Amino acid sequence: MNLFRILLIFFVVTVTLVGVSNCQHKSRFEVEFISQWGSEGSAPGQFRQPVGVAVDADGNVYVADAGNNRIQKFTADGEFITQWGTPGDGPGEFDRPMHLAVSDDKLVYVPDYGSDRIQVFDTEGKYQFTWGESGDAPGQFDSPAAVNFDRNGNVLVADFYNDRIQIFDPRGNFISQFGTEGHEFGQLYYPTDVAVDKNGNIIVADAYNHRIQIFRADGKPLQSRGSFSGEERTPGQFNVANAVEIDAAGRMYVVDFYNSRIQVFDSTGGYRTQFGTPGSDPGQFEKPTDIAIYKNWIYIADWGNNRVQKFEINE
């Protein structure tokens, strides 16, 4: 056997093994149920319609307990730490807190849906400041549903009934906005969540258009992904795309509200997998509303089951 044939065989075997390795790596990605906590009620650790979930840099979990008009804080394993908030429209009071977020400087930003404002607290629940009022002018809100942060630390707000995303500095000073009501590319219809990918693009859960839209940081629309799916639960389609999150690998997780599942897509938008079916058993959902990812942990606000479920990413 001459040298050329030996090298050729080596090349073919090497390429084959690499291909097998890559296929095995992709097939090994899965999401596994770990634990859950919560039940219906108003005692510490109980919930009435938990809508939002967020995680801080230390792994603590914050839940917007909308029906109880409070924020609850837990350890990564669901042990109760503290809570704050009562019904009302004063400082530190809530009228349905929604999809909250924790900044890098450890401030908890809470969209106060019924009071048309954003309230800010430290991680122990001490009130810091508020901005916003009812209306459709810049800096005003009509039921803010979610907050998140761009790569510069600016605050992105999903302004639900105004069908737009507003951008503020960390103190609530208005910077810009984009979005109008409609169903065409670049338009929004009741946006419920917002995230940012590794390129700085803004990802919007365009909930009642049953899709995810991707915008540049300046608000220019780039892509639209998804369409309506009813009882057939078709992969890549949604029945109210209620929340969105991006993990460290660039994968996109979409909370598919009425289909009671989470769908996962790769960084190019290709469908990867899904988890969750309708029900109340561990790993099942009854209209999930929000998702937070910390390292390899996934936390889901399981709205209809009045609990938080924890999953692990395995790959």
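Higher on the page you've got the structure.
Residues numbered from 1 in each chain as written. Predicted model: local features only at pLDDT ≥ 70, side-chain atom pairs only at ≥ 80, totals over all residues. Heavy atoms only, no water.

Please clarify how the overall build of the protein chain should be interpreted in this entry.
A count of helical and extended segments in the protein chain gives 1 helix and 26 strands. For the protein chain, whose C-alpha radius of gyration is 21 Å, the value lies close to the compact-globule estimate of 20 Å for 315 residues. Each of the three principal axes of the protein chain carries a C-alpha extent, and together these read 85 × 40 × 40 Å. Going through the 315 residues of the protein chain one by one, you find that 53% of them count as buried. Residue pairs at least 24 apart in sequence account for 47% of intrachain contacts in the protein chain once pairs closer than 6 positions are excluded. Here the protein chain displays about 13,800 Å² of accessible surface, and carbon together with sulfur accounts for 49% of that area. Here the protein chain carries 26 positive and 42 negative side-chain charges, and the mean point of each set is 7 Å from the other. (Helix = DSSP H or I, 4+ residues; strand = E, 2+ residues; numbered from the N terminus. Rg over C-alpha atoms; globule rule 2.2 N^0.38 Å. Buried < 20%, exposed > 50% of the residue type's maximum accessible area, 1.4 Å probe, protein only. Contact = heavy atoms within 4.5 Å. Areas by Shrake-Rupley, 256 points an atom, 1.4 Å probe, with all protein chains shown as cover. Lys, Arg positive; Asp, Glu negative; His and termini not counted. Charge placed at Lys NZ, Arg CZ, Asp CG, Glu CD.)

What exactly am I supposed to notice about the sheet that holds strand S23 (residues 271-275) here?
Within a beta sheet, neighbouring strands are joined by backbone hydrogen bonds and run either parallel or antiparallel to one another. If you trace the 4 strands from one edge of the open sheet to the other, you get S20-S21-S22-S23, paired in antiparallel fashion. Two strands bound the open sheet, and with one partner strand each, they are strand S20 (241-246) and S23. Looking at each pair of strands side by side, their axes are set apart by 20° on average, direction ignored. Bridge analysis of strand S22 (residues 261-265) against S23 gives 4 bridges, and the strand direction is antiparallel. When the sheet's bridge partners are listed, valine 264 is paired in S23 with threonine 273. (Pairing = 2+ DSSP bridges. Axes fitted to C-alpha atoms, helices over the stretch in contact; angles between N-to-C directions.)

Would you mind showing me how to read the environment of aspartate 56 here?
The residue aspartate 56 is located in the loop between strand S2 (50-55) and strand S3 (61-65) in this model. For aspartate 56 and aspartate 169, which are 113 residues apart along the polypeptide, the C-alpha to C-alpha distance reads 20 Å. In this structure, aspartate 56 is in contact with Tyr62, Val102, Thr123 and Tyr294, ignoring residues within four places of it in sequence. For aspartate 56, the side chain forms a polar contact with the side chain of tyrosine 62, separated by 2.7 Å. (Polar contact = N/O pair within 3.5 Å; in protein donor to acceptor, adjacent residues only side chain to side chain.)

Looking at this model, I keep getting lost on the sheet that holds strand S8 (residues 101-102). Mind explaining?
The strand order S8-S9-S10-S11 describes an open sheet built from 4 strands, whose pairing is antiparallel. Either end of the sheet is taken by a strand with one partner, and the two such strands are S8 and strand S11 (127-131).

In this structure, what is going on with the side chain of asparagine 259? I would like to understand it.
With respect to the helices and strands, the residue asparagine 259 is situated in the loop between strand S21 (252-256) and S22. For asparagine 259, a relative accessible area of 4% puts it in the buried group. The residues touching asparagine 259, leaving out its near neighbours within four places in the chain, are Ser229, Gly230, Arg233, Phe238, Asn239 and Pro278.

When you look at the pattern of salt bridges in this model, what are you seeing that I'm missing?
According to the stated counting rule, one finds 13 salt bridges in the structure shown. Of the charged contacts in the structure, one is a salt bridge between aspartate 247 and arginine 251, with a shortest N-O distance of 2.8 Å. Taking the relative accessible area as the measure of exposure, arginine 251 reaches 8% and is therefore buried. When salt bridges with common partners are traced through the structure, they connect Asp247, Arg251 and Glu315 into a single cluster. (Salt bridge = Lys/Arg side-chain N within 4 Å of Asp/Glu carboxyl O.)

What's the story with the nonpolar core in this structure? I'm lost.
The nonpolar side chains of soluble globular proteins are, as a tendency, buried together. Counting residues in each nonpolar core, the largest one holds 15 residues, and the members touching the most others are Tyr253, Ile262, Phe275, Ile291, Ile298, Ile300 and Phe311. Secondary structure elements with two or more residues in this core: S21, S22, strand S24 (288-294), strand S25 (297-302) and strand S26 (307-314). Each residue touching phenylalanine 275, except ones within four places of it in the same chain, is listed here: Val31, Arg261, Ile262, Val264, Phe285, Ile298 and Phe311. Counting residues in hydrophobic clusters, the runner-up holds 13 residues, among them Ala101, Tyr109, Val120 and Val147. (Core = buried A, V, L, I, M, F, W, Y, C linked by side-chain atoms within 4.5 Å.)

For this particular structure, what's the right way to read the pairing of S21?
Remark: a regular strand shows side chains that alternate across the two faces of the sheet. Burial of S21 is extensive: 5 of the 5 residues sit out of reach of the surface. By the alternation rule, side chains of S21 split into Met252, Val254 and Asp256 and Tyr253 and Val255, which are all buried. Of the pairings in the sheet, the one linking S20 to S21 comprises 5 bridges and is antiparallel in character. Bridging from a neighbouring strand, alanine 243 pairs with valine 255 of S21. Here S20 hands over to S21 after 5 residues, with glycine 250 in that stretch at a positive phi of 90°. Note that S21 and S22 share 5 bridges and pair antiparallel. What sits directly across from tyrosine 253, in S22, is valine 264.

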